[in-house]
Amino acid sequence: MKHYLSLAMVGAALFGLGTAPAMAQPYPSKNVTIIVPYPAGGSVDGVARILAQRLTDVMGHSFVVENRAGGFGGIVGANSVAKAAPDGYTLLLTASIHVVTPFLQKAVPYDVVKDFTPISLVASGPLLVSTTPKVPANTLKEFFELVRQNPDKYTFATSSFGSAGHLATELLKRDAGVNTLVIAYKGANPALTDLMGGDVQLMVDPMLSSLPLAKAGNIKALAVTSLKRVAIAPEIPTVAESGMTGFEFSSWYGLWGPKNLPPEIITRVQSEITRMAGQPDVKARFETLGFDAIGSTPEVFAQYITNEMIRYDKIIKDANIKAE
């Protein structure tokens, strides 16, 4: 997997070397499609729609979200962007699982580094660690004490194989010293349904889907995976406060284009994302989803991707997660 981690490859993708078409007129001159490789309604879709609305407001043409779901890690939608013309009119908004895909899937029709141009890290946020109300534990420390006493009684859930929640769950298992079965569901809703019913006993998932259930008392929030407590739920302690010093894990969302995207298009889009991320109303909208607006430079995003891939590779190897 080391070929995925080359900064040279990231840089080549970033600066669109060699075959970038000449700009005939100012960008954009027509509507832009933002591909979301998941169904409408989830966290990726929520981030994309905030971004698309704001870019539409300031760029002179509509940025339209198209949900193109299918395949592990959003392969179908991502592949359509990898094969698109590098003219800035087809972009990809997706989550961290995009760069996990090559570690966990044997047949990926593109290279997650070489076939895409990183534009900006758009948003990130902590995950919520929750249990079923049927478990007599009110803190994460108490929960893992119960698991160690009767490990065969506990099963953990994740919304999808290879997701941020899945990798965070494996990190929790490692730090807690437990070896518990993790069931990968096809989506957050069925996993959360089983968590509410007590069929599984732990789940780590973005706050967008899990926090409303916790506030309603349908599941029990134990901790958040950020280093600091979050503004929308300050009563929930962090994993680090719960005895796992230094634990931090986030779900993050970025914008990519096809490889060889012209630098002037990268700069045009990224500058508006950075401006957007600093606006109070936009920050507030992201906060309601449990995210922080970021708006990084392409260079920072490229380095972030490299660092995250190194981290994910280690998690996957340590947990002995096998490719499908």
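Quick look at the structure, then. The structure displayed is predicted, hence computed values, not measured ones.

What counts and what doesn't
Residues numbered from 1 in each chain as written. Predicted model: local features only at pLDDT ≥ 70, side-chain atom pairs only at ≥ 80, totals over all residues. Heavy atoms only, no water. Phe/Tyr/Trp six-rings, centres within 6.5 Å; stacked < 30°, edge-to-face > 60°. Helix = DSSP H or I, 4+ residues; strand = E, 2+ residues; numbered from the N terminus. Buried < 20%, exposed > 50% of the residue type's maximum accessible area, 1.4 Å probe, protein only. Lys NZ or Arg CZ within 6 Å of the ring centre and 35° of its normal. Arc of directions from axis to C-beta. Contact = heavy atoms within 4.5 Å.

Bringing the packing of aromatic side chains into the picture now. For any two aromatic rings, the description comes down to two numbers: the centre-to-centre distance and the angle of the planes. A complete count under the given rule lists 13 aromatic pairs for this structure. Measuring from centroid to centroid gives 5.9 Å for Trp252 and Phe301, while their planes differ by 90 degrees, and the two rings are edge-to-face. One end of the pair, Trp252, is in strand β9 (residues 250-258); the other, Phe301, is in helix α11 (residues 298-319), with 49 residues separating them in the sequence. Grouping residues by exposure puts Trp252 and Phe301 together as buried. Ring geometry for Trp252 and Tyr304: centres 5.3 Å apart, planes at 80 degrees, overall edge-to-face. Taken together, the positions of Trp252 in strand β9 and Tyr304 in helix α11 put the pair 52 residues apart, joining distant regions of the chain. By relative accessible area, Trp252 is classed as buried at 0%. Joined through ring pairs, the aromatic side chains of Phe143, Phe144, Tyr154 and Phe156 make up one cluster. Over the ring of Tyr89 we find Lys30, and its NZ or CZ is 4.8 Å from the ring centre.

Below, the discussion takes up helix α5 (residues 140-149). For an α-helix, the turn length of 3.6 residues means that residues three or four places apart are oriented alike. Taken as a whole, α5 has its buried residues at Leu140, Phe143, Phe144, Leu146 and Val147. Around the axis of α5, the buried residues are gathered within 155 degrees of arc, so they sit on the same side. Opposite the buried face of α5, at more than 90 degrees from it, the exposed residues are Lys141 and Gln149. Looking at the buried positions of α5, the neighbouring elements they touch are β4 (116-131), β5 (156-158), α6 (164-176), β7 (202-206) and β8 (220-224).

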